[in-house]
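Commentary on secondary and tertiary structure
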Amino acid sequence: MFRFPLFILITLIVAFGGGIMISLYALDATQGFGAIKLGAWEAFPELQTVDADPYAKSHRARAGKLLYGSAEGLTFTASVDDSGERLNAACHYRITGQTPPARLWTLFTADNAGNPASLQASLPAALNSWTVLRQPDSSFTIDIATRAQPGNWLALPQAGTFRLVLTLFDTPTAGSSGVIDLSMPKLTKIGCGNA
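A brief look at the structure comes next. (Residues numbered from 1 in each chain as written. Predicted model: local features only at pLDDT ≥ 70, side-chain atom pairs only at ≥ 80, totals over all residues. Heavy atoms only, no water.)

1. Overview of the pairing of strand 7 (residues 140-145)
Filter applied, for reference: Each residue is placed in one exposure class: buried if its accessible area under a 1.4 Å probe, protein chains only, is under 20% of its type's maximum, exposed if it is over 50%, and partly exposed if it falls in between. Secondary structure elements follow DSSP: runs of H or I no shorter than four residues count as helices, runs of E no shorter than two count as strands, and numbering proceeds from the N terminus. We treat two strands as partners when DSSP finds at least two bridges between them.
Counting buried positions along strand 7 gives five out of six residues, so the element sits mostly inside the fold. Bridge count for strand 4 (residues 91-97) against strand 7 is five bridges, and the pairing is antiparallel. Bridge pairing in strand 7 links Gly97 to Phe140. As judged from the four bridges shared by strand 7 and strand 8 (residues 152-155), these two strands associate in the parallel manner. Residue pairing for strand 8: Ala145 is matched across the bridge by Ala155.

Next comes the structure, spelled out in structure tokens:
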């Protein structure tokens with residue numbers, strides 16, 4: 001007598017539970033479509049616009065993060081170096097070159113979810129265009145390592161993988177279609193361990 005209703009209840013639980021789990025996995029797996037990859041750096045120019053795809057809109061709503069309008073800013077992330085290897089806190093990296101034109105830019109280390117990495121309070125967790133030391137041609141070099149480095153240094157967590165987040169504010173490239181023509185700074189691995 002109770003077999004049939006119990007069978008329907010179990011079927012509904014599996015169907016709805018599986019659907020919810022697959023949807024959550026899809027939201028965590030991607031930020032949407034339309035990514036632009038420039039070397040190690042990746043951006044989603046339409047992520048915060050009305051033209052964003054449904055996955056990007058859902059990802060944005062679930063994360064609860066404030067995003068910039070298309071003319072306000074553009075965020076690039078790097079989870080691999082220029083050779084395609086995953087960024088690891090046990091290694092030493094160097095960023096060289098220039099950023100695209102922007103009124104202000106910020107760079108910080110983040111965990112794999114995109115949140116700022118947890119570091120000791122006295123270590124430099126972020127740099128910006130006003131505090132970075134530059135060469136006469138306006139280029140810069142930033143060392144990214146767990147140990148202190150001379151010049152521009154960005155600290156890393158003690159272990160694990162990480163990503164870099166570079167945000168360009170008030171940039172003409174955010175609202176234009178010429179994002180593919182941008183020249184991004186190079187991200188190279190110097191060595192791992194004590195090298």
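Now that the structure has been shown, the text picks up again.
2. Quick notes on the packing of aromatic side chains
To keep things clear, this is the line we draw: Centre distance within 6.5 Å is the pairing criterion for rings of Phe, Tyr and Trp, where only the six-membered ring of Trp is used; planes under 30 degrees apart are then read as stacked, over 60 as edge-to-face, and the remainder as tilted.
Tallied over the entire structure, the rule returns two aromatic pairs. Between Tyr93 and Phe162, the aromatic rings sit 6.0 Å apart at their centres with planes inclined by 70 degrees, giving edge-to-face as the arrangement. On the criterion of sequence distance, the pair formed by Tyr93 in strand 4 and Phe162 in the loop between strand 8 and strand 9 (163-169) is long-range, its members being 69 residues apart. For the residue pair Tyr93 and Phe162, the accessibility class agrees, reading buried in each case.

3. Comments concerning the state of the cysteines
Threshold: Cysteine sulfur pairs qualify as disulfides if the two atoms are within 2.5 Å.
Under the criterion given, the structure shown has one disulfide. Two residues, Cys91 and Cys192, share a disulfide whose sulfurs are 1.8 Å apart. Sign of the S-S torsion, about 85 degrees for the bond between Cys91 and Cys192, identifies this disulfide as right-handed. Taken as a pair, Cys91 in strand 4 and Cys192 in strand 10 (residues 186-192) lie far apart in primary sequence, 101 residues in all.

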